[in-house]
Amino acid sequence: MTARAGSTRLRWGGATDVGRVRSNNQDQFVARDDVGLWAVADGMGGHRGGEVASEIACDMVARSFDRHTIDGLVEAIEQANNAVFRAGASDPDLTGMGTTIVALAVVEHDDDELLAIANVGDSRGYRWSEGELDQLTTDHSLVADLVREGSLSPDEAAVHPQRNILTRVLGVYDDVPVDAFAVEPRHGDRYLLCSDGLFNEVPEDDIAAVLRRVPDPADAADELVRQAREAGGRDNITVVVVDVVDDGGRAETASAALGAGATRATPGVPPRSGAYADADDDQPDTRTARHRRVAAPPAREDGGDYLDEDDYDEPGRRAEGRHSRRSRRLSWRVALFVVLIVALVGGALATIQWYGRSTYFVGIEGDQVAIYKGRPGGLLWIDPSLVESTDLEVDRLPPSRRTAVENGKEMATLADARHYVENLTEQADQLNPPVTTTTTAPTTTTTIPPAVPAA
Ligand code: MN
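By convention here, each chain's residues receive numbers from 1 onward along its written sequence. Since the coordinates come from a predicted model, pLDDT governs what is reported: local features require at least 70, and pairs of side-chain atoms require 80 or more to be given and counted, while whole-chain, interface and lining totals use all residues. Excluding hydrogens and water, the side-chain figures rest on all heavy atoms present in the structure.

Teacher, can you tell me more about the overall build of the protein here?
The way it works is that DSSP assigns letters per residue, a run of H or I at least four long becomes a helix, a run of E at least two long becomes a strand, and they are numbered from the N terminus. Along the protein, the regular secondary structure elements total 13 helices and 19 strands. Think of it in three bands: with a 1.4 Å probe and only protein chains considered, a residue is buried below 20% of the maximum accessible area for its type, exposed above 50%, and partly exposed in between. A burial count over the protein gives 43% of its 455 residues as buried. Pairs of residues are marked as contacts when any of their non-hydrogen atoms sit within 4.5 Å. For the protein, the proportion of contacts with a sequence separation of at least 24, taken over those separated by at least 6, is 63%. About 22800 Å² of surface is accessible on the protein, with carbon and sulfur atoms providing 52% of the total. Working definition of accessibility: Shrake-Rupley area with a 1.4 Å probe, residue cover restricted to the visible protein chains.

Here you go:
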């Protein structure tokens, strides 16, 4: 199918498939070649939430795209966010549903016709150009953040078990930052919009090979879906291929310029989110019109900003670089802090454990004197344990020692504790010969003076 908007002529094809594991297809794509808009959405949310979210998003972005500018595309996606959010808020079955979105649109920009690309989440926009495949969008996912931080390699991220965790989703909050930028359409370039069901299954080299081999965009989309199924099809798969078949002579002009020594600019890392800034001023000859939404710097507790003011005024790569360097330094500190806390807590626990278990005491078990390991009365969670009972009855203890034993007389070693018991027994025997040997009970019992020591 072809679309003409101004001087740019595009041809496109799309395919979506439930895959081989899932029971329903929560992916959706929309193609409006009459206005020059294509989008892929990958919904999520229990029950039917995922399907509903991606459907509302595709429907709403197509209906709201009436201003054919980069801003207009961003606004259409914001409208889609509102629509999904409202639907989720009004129906308990749909609460918390959300969706990714990646959209490509023909837009007017400075009297030029460009292709705007916008995204939220981890559905991707790629460009295949002169045999090379480039991911143009930035994934809003946990693993993508870790790759940017340098904590994960792209290869590790590609197979990471948590790669489906998104840091930005459409429709979950009443507002969402949208990344958007624009590129110049060039004859022969192919744009690919896809859900993660494609790139999680098919390596980018193989995706590029299909785009090189299969000229018809609809056939290419079908072939990519087929390969994703063949590779496992563990997720829904959606692919839209948009080919630039006429760029209004732009490519010829550019080749002439190339011959004259001009270099072909390639798009850099698309910006994050926040306030707009146009980079055309500092990059006059780029084929990439930047529509930067740069993160408004979060205020730190000390009142300072993460970005210097001049960085903030000149957003883009540099600000982004600073930001990530800062957060890496920050995460180093956080890591060090965590390690110290763990060491402190671990050390404290070990010390308590050691202290609680290191010594012995002589105490009372029932009516008998006994030896325990631990601290009298226990220490936090560490209860003393009985090591050995003795034959010495509490009643026979010399009164001067009785309180000490009742409170638990601490001894450094088991030998000390035994020695202490031996002394106690000796003293008791001297004071009051063992009751059990006496048959004349009445006199014996009265010989135990409760309060007055004999010595
Ligand atoms: Mn998916």
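Would you take a moment to explain the sheet that holds strand E19 (residues 409-411) for this structure?
In any sheet, the strands associate via hydrogen bonds between backbone groups, in a parallel or an antiparallel arrangement. The rule for pairing is simple: two strands pair if DSSP sees at least two bridges between them. One open sheet holds the 4 strands; their spatial order is E18-E17-E16-E19, and the pairing between them is antiparallel. At either end of the open sheet lies a strand with only one pairing partner, and these are strand E18 (385-393) and E19. Sheet twist, expressed as the mean angle between neighbouring strand axes with direction ignored, is 30°. Where helix H11 (residues 399-407) meets the sheet, its contacts fall on strand E16 (360-365), strand E17 (368-373) and E19, and the angle it forms with E16 comes to roughly 100°. The convention used is that axes are lines fitted to C-alpha atoms, helices contributing only their stretch in contact, and that angles between N-to-C directions extend from 0 to 180 degrees. Across the sheet, helix H12 (residues 414-431) touches E16, E17, E18 and E19, and the angle it forms with E18 is around 15°.

So what exactly am I meant to see when it comes to the environment of Arg 401 here?
Along the chain, Arg 401 turns up in helix H11. With sequence-adjacent residues up to four places away left out, Arg 401 is seen in contact with Tyr 420, Leu 424 and Gln 427.

Just to check I follow, could you spell out the coordination of the manganese ion for this structure?
Any two of four tetrahedral donors ideally make an angle of 109.5 degrees at the metal, while pairs among six octahedral donors ideally make 90 or 180 degrees. Coordination of the manganese ion by the protein is provided by Asp 42 (OD), Asp 196 (OD) and Asp 235 (OD), with metal-donor distances spanning 2.1 to 2.2 Å. Donor selection uses N, O and S atoms within 2.8 Å of the metal (3.2 Å for Na, K and Ca). Since no water is included, sites may look incomplete. The sequence pattern formed by the donor residues of the manganese ion is D-x153-D-x38-D. With Asp 42 in strand E4 (residues 37-44) and Asp 235 in the loop between helix H7 (217-230) and strand E12 (237-246), this pair connects stretches of sequence that are 193 residues apart. Comparing Asp 42 with Asp 235, the two get one shared label, buried.

I tried to follow the layout of surface pockets on my own but got confused; where do I start?
In this approach, a probe sized like a water molecule rolls over the atoms, and the result shows the empty space that is left. By volume, the second largest pocket amounts to about 380 Å³. Site definitions follow a grid-based scheme: protein atoms alone, a 1 Å grid, a 1.4 Å probe that fits but cannot get out for cavities, and for pockets an open set with protein on both sides within 12 Å along at least five of seven lines, plus lining residues having an atom within 4 Å of a point. Around the second largest pocket, the lining comprises 20 residues; the ones closest to its centre are Arg 22, Asn 164, Asp 196, Asn 200 and Asp 235. Counting residues per element, the lining of the second largest pocket draws most heavily on E4, which supplies 3 residues. Grid points are joined across faces, edges and corners, and a volume is the space filled by probe spheres set on the points.

Sorry if this is basic, but what is going on with the packing of aromatic side chains here?
Each pair of aromatic rings is reported with the distance of its centres and the angle of its planes. Pairs were defined over the aromatic rings of Phe, Tyr and Trp, the Trp ring being its six-membered one, requiring ring centres within 6.5 Å. Orientation was assigned from the angle between planes: stacked under 30 degrees, edge-to-face over 60, tilted for the rest. Following the criterion strictly, the structure yields 2 aromatic pairs and no others. Seen in terms of ring centroids, Trp 12 and Phe 29 are 6.4 Å apart; in terms of plane orientation they differ by 70°. Their pairing is edge-to-face. Of this pair, Trp 12 sits in strand E2 (residues 8-17) while Phe 29 sits in strand E3 (residues 27-32), and the two are 17 residues apart along the sequence. Judged by its relative accessible area of 24%, Phe 29 falls in the partly exposed class. Between Phe 361 and Tyr 372, the ring centres sit 5.1 Å apart and the planes meet at 15°, which makes this aromatic pair stacked. Here Phe 361 is found in strand E16, whereas its partner Tyr 372 is found in strand E17, with 11 residues between them in sequence. Residues Phe 361 and Tyr 372 agree in their burial class; the two are buried. A cation over a ring is seen here: Arg 124 above Phe 199, with NZ or CZ 3.6 Å from the ring centre. Charges are assigned to positions over rings by a cutoff of 6 Å between ring centre and Lys NZ or Arg CZ, combined with an angular limit of 35 degrees from the ring normal.

Would you mind going over the environment of Gln 135 with me for this structure?
Tracing the chain through its elements places Gln 135 in strand E9 (residues 132-135). Judged by its relative accessible area of 32%, Gln 135 falls in the partly exposed class. Each C-alpha atom of the pair Gln 135 and Gly 125 lies 6.1 Å from the other, and the pair is 10 residues apart in sequence. Discounting residues that sit within four places of it in the chain, Gln 135 has contacts with Arg 124, Gly 125, Tyr 126 and Glu 204.

For this particular structure, what's the right way to read the confidence of the model for the protein?
Do not read the fine detail of predicted coordinates wherever pLDDT is low. The predictor reports its confidence for every residue as pLDDT, a score running from 0 up to 100. Counting all residues, the mean pLDDT for the protein is 80, and 76% of those residues have values of 70 or more. A low-confidence stretch, residues 259-327 stays under pLDDT 50, and its non-local contacts, those more than four residues away or across chains, total 134 contacts. Of the regions scoring below 50 in pLDDT, residues 436-450 engages in 6 contacts with residues more than four places distant in sequence or in other chains.

Looking at this structure, I do not really get the side chain of His 140. What am I missing?
Examined against the element boundaries, His 140 turns out to sit in the loop between E9 and helix H3 (142-149). We classify His 140 as buried; its relative accessible area is 1%. The contacts of His 140, once residues within four sequence positions are left out, are Asn 119, Val 120, Gly 121, Asp 122, Leu 166, Thr 167, Arg 168 and Asp 179.

Explain the nonpolar core here, please?
A general tendency of soluble globular proteins is for nonpolar side chains to be buried together. Only buried Ala, Val, Leu, Ile, Met, Phe, Trp, Tyr and Cys residues count toward a nonpolar core, and they belong to the same one when joined by side-chain atoms within 4.5 Å. If you look at the biggest cluster of nonpolar residues, it comprises 37 residues, and the most contacted ones within it are Leu 37, Val 61, Phe 65, Leu 73, Ile 77, Ile 101 and Leu 170. Among the secondary structure elements, those contributing two or more residues to this core are E4, helix H1 (49-64), helix H2 (70-90), strand E6 (101-109), strand E7 (112-120) and strand E10 (179-183). The leading source of residues in this core is H2, at 9 residues. Not counting chain neighbours up to four residues away, the residues in contact with Ile 101 comprise Ala 39, Val 40, Ala 41, Ala 57, Val 61, Ile 77, Ala 118, Asn 119, Val 120 and Leu 170. Counting residues in hydrophobic clusters, the runner-up holds 22 residues, among them Cys 194, Ile 207, Val 214 and Ile 237.

Looking at this structure, how should I read the side chain of Asn 81?
Within the secondary structure, Asn 81 sits in helix H2. On the basis of relative accessibility, which here comes to 1%, the residue Asn 81 falls in the buried class. A polar contact of 3.0 Å, which involves the side chain of Asn 81, links it to the backbone oxygen of Tyr 173. Every residue in contact with Asn 81, bar those within four places of it in the chain, is listed here: Val 169, Leu 170, Gly 171, Val 172, Tyr 173, Asp 174, Asp 175 and Val 176. N or O atoms closer than or at 3.5 Å make up a polar contact, with two conditions inside protein: a donor-capable atom paired with an acceptor-capable one, and, for residues adjacent in sequence, both atoms drawn from side chains.

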